[in-house]
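Spelled out, the chains give:
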Amino acid sequence: MEKKKHGDRRDGIWLRDLPAMNQIMPTIMPNRADNEAYINVDVDLRPLEAYLAKKNEGRTEDKITFFHVITAAIGKAFVLRPRMNRFICNHKVYQRRNITVAFVVKKKFEDKSEEGLAFLEFAPEDTIDTFHDKIMHIIHQTRRNDMKDASSGAMDVLISMPHFMTVAAVKLIRWLDQFGVLPDSIIGSDPNHAAILLSNLGSIGLEGGYHHLVNWGTNSCFVVVGKKFRKADYDENGNADVHEVIPLGITLDERIADGFYYSGTVALLKELLEHPELLEMPANTPVEYAIKR
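So, here is what we can say about the structure in this document.

The rules we used
Residues numbered from 1 in each chain as written. Predicted model: local features only at pLDDT ≥ 70, side-chain atom pairs only at ≥ 80, totals over all residues. Heavy atoms only, no water. Helix = DSSP H or I, 4+ residues; strand = E, 2+ residues; numbered from the N terminus. Expected span 1.5 Å × (residues − 1). Buried < 20%, exposed > 50% of the residue type's maximum accessible area, 1.4 Å probe, protein only. Pairing = 2+ DSSP bridges. Axes fitted to C-alpha atoms, helices over the stretch in contact; angles between N-to-C directions. Polar contact = N/O pair within 3.5 Å; in protein donor to acceptor, adjacent residues only side chain to side chain. Contact = heavy atoms within 4.5 Å. 1 Å grid on protein atoms, 1.4 Å probe; cavity = no way out; pocket = protein on both sides within 12 Å on 5 of 7 lines; lining within 4 Å. Points joined across faces, edges and corners; volume = space filled by probe spheres on them. Nonpolar A, V, L, I, M, F, W, Y, C, P; charged D, E, K, R; others polar.

Remarks on helix H3 (residues 66-80)
For H3, with 15 residues, the first-to-last C-alpha span of 21 Å sits near the 21 Å given by 1.5 Å per residue. By the criterion of burial, H3 is predominantly enclosed, with 13 of the 15 residues buried.

Right, here's the structure in full:
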């Protein structure tokens, strides 16, 4: 890991040598929520279904799902496309020190059931199998554990104060967050401080869509996974190919990279999901892909 220099954060390295336009944009347009770019990706289910049928053969529990494969593919894309793992805070652009993934875990599929926060690291050497093990471990831990995660516990403390103290405390916390000095007891499992934040709406029967970014935290990429639907693709002769897809609604902070870089990332993501066996190699294994025009 690169040695920390003045201006760096514990979670990110200040990128001092960027082109002038990239350095000035966070000052001209300081709010993350005002700089959202939206990308839609429809994932062809046919290669995924064939892969999962083979992969889950003989498994009776903890099966690998579409969500696991999609999440691992996004993680690998971040490893191979490192500009995706940047964030902006306090008018500066940072390269995140590691790749973190967060999503909400419903402890029970009931209206009154509490939610837990899953927060885990995607390592450059991870494969679909090692990352699946990480996901299942934290899901099981969250569902059987009555204890709150660090971030939820910190929120409980804040709302227990008199209102004027809560407001003052939140303002102080937001100021400290700008400089990256908040302890893990406050943000240790906060999904808004993850590199990749996902919402699996398809698992509860909802259509795909997009989710906004927020000015709190450091998250620059929010992915919504919707429920599958049938879609028709057409060849150059107008012949229809009807098949099932899963929609991904991706929201990005447009200040961390340009459109061409995002296009390359989407091309890589599609390549990985069309050939999911590539995820069985360590995430830092290069992959050949092309931008389709």
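Some remarks on the sheet that holds strand S1 (residues 12-14)
Read across the sheet, three strands follow the order S1-S4-S3 without closing on themselves; strand pairing throughout is antiparallel. Single-partner strands in this sheet number two, and they are S1 and strand S3 (86-89). On average, each strand axis in the sheet is inclined to that of its neighbour by 40°, with strand direction left out of account. Of the strand pairs in this sheet, S1 and strand S4 (residues 92-96) are connected by three bridges, and their pairing is antiparallel. Following the sheet pairing, Ile-13 is matched in S4 by Gln-95.

Concerning the side chain of His-132
Mapped onto the secondary structure, His-132 falls in helix H4 (residues 128-144). A residue is classified by how much of its surface remains accessible, and His-132, at 3% relative accessible area, is buried. A distance of 2.9 Å separates the side chain of His-132 from the backbone oxygen of Asp-62, its partner in a polar contact. The contacts of His-132, once residues within four sequence positions are left out, are Arg-59, Asp-62, Lys-63, Ile-64 and His-68.

A short note on the layout of surface pockets
By volume, the largest pocket amounts to about 990 Å³. Taken together, 38 residues line the largest pocket, and the ones lying closest to its centre are Phe-67, Val-104, Ser-199, Asn-200 and Ser-203. Looking at the lining of the largest pocket, the elements that each hand over two or more residues are H3, strand S5 (99-106), H4, strand S7 (196-200) and strand S8 (221-225). Split into classes, the residues belonging to the lining of the largest pocket amount to 19 nonpolar, 11 polar and eight charged.

Some words on the pairing of S8
Of all five residues making up S8, five are buried, and the element is well covered by its neighbours. In S8, alternate side chains face the same way, and those of Cys-221, Val-223 and Val-225 on one face and Phe-222 and Val-224 on the other are all buried. Across four bridges, S7 lies against S8 in parallel orientation. Considered in S8, the bridge of Ser-199 is made with Val-224. Relative to strand S10 (residues 240-253), S8 is paired through five bridges, and the arrangement is antiparallel.

A look at empty space enclosed by the protein
In total, this model carries two cavities of 30 Å³ or more according to the counting rule given. Reported here for the largest cavity is a volume of approximately 120 Å³. As for the largest cavity, its lining consists of 13 residues, of which Phe-78, Met-84, Ile-250, Thr-265 and Leu-269 are closest to the centre. Element by element, the count of residues in the lining of the largest cavity is highest for helix H8 (residues 259-274), at four residues. Space inside the second largest cavity adds up to approximately 40 Å³. A per-class count over the lining of the second largest cavity returns seven nonpolar, one polar and two charged.

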